[in-house]
Amino acid sequence: MNMQFRWYGEGDPVSLAYIRQIPGMKGIVSAVYDVPAGGKLSRPEKRFI
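All figures in this text were calculated on a predicted structure; none of them were measured in a lab.

Observations concerning the overall build of the protein chain
Of regular secondary structure, the protein chain possesses one helix and two strands. Start at the N end of the protein chain and walk to the C end: the helices and strands fall as β-α-β. Counting the 49 residues in the protein chain, one finds 14% classified as buried. Pairs at least 24 residues apart make up 31% of the contacts formed inside the protein chain by residues separated by at least 6 positions. Surface accessibility of the protein chain: about 4500 Å² in total, with carbon and sulfur atoms responsible for 55%.

As structure tokens, this is what we get:
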């Protein structure tokens, strides 16, 4: 099982730097709330911890 953490974006009080420090952390789960259903991203972004 991989340990992942839910991150709510730039407004989340827990930063990616803090999440990176959690032992055993393998990934981030997020969503694209600002894109309407069926919409396309203006530019794809990849963020890695």
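Points about the confidence of the model for the protein chain
Should pLDDT be low for a region, the predicted coordinates there are not to be read in detail. Mean pLDDT over the protein chain works out to 79, with 78% of the residues at or above the 70 mark. Averaged over each element, pLDDT in the protein chain is lowest for strand β2 (residues 25-29) (89) and highest for helix α1 (residues 16-20) (91).

Looking at the environment of Y8
The topology assignment puts Y8 in the loop between β1 (3-6) and α1. Between the alpha carbons of Y8 and V29 there is a distance of 8.5 Å; along the sequence they are 21 residues apart.

Things to note about the side chain of D12
Along the polypeptide, D12 turns up in the loop between β1 and α1. Although buried, D12 forms no salt bridge, and the nearest oppositely charged side chain, R6, lies 7.4 Å from it. If sequence neighbours within four positions are ignored, D12 has contacts with R6 and W7.

What counts, and where the lines are drawn
- Residues numbered from 1 in each chain as written.
- Predicted model: local features only at pLDDT ≥ 70, side-chain atom pairs only at ≥ 80, totals over all residues.
- Heavy atoms only, no water.
- Helix = DSSP H or I, 4+ residues; strand = E, 2+ residues; numbered from the N terminus.
- Buried < 20%, exposed > 50% of the residue type's maximum accessible area, 1.4 Å probe, protein only.
- Contact = heavy atoms within 4.5 Å.
- Areas by Shrake-Rupley, 256 points an atom, 1.4 Å probe, with all protein chains shown as cover.
- pLDDT = per-residue confidence, 0-100.
- Lys, Arg positive; Asp, Glu negative; His and termini not counted.
- Salt bridge = Lys/Arg side-chain N within 4 Å of Asp/Glu carboxyl O.

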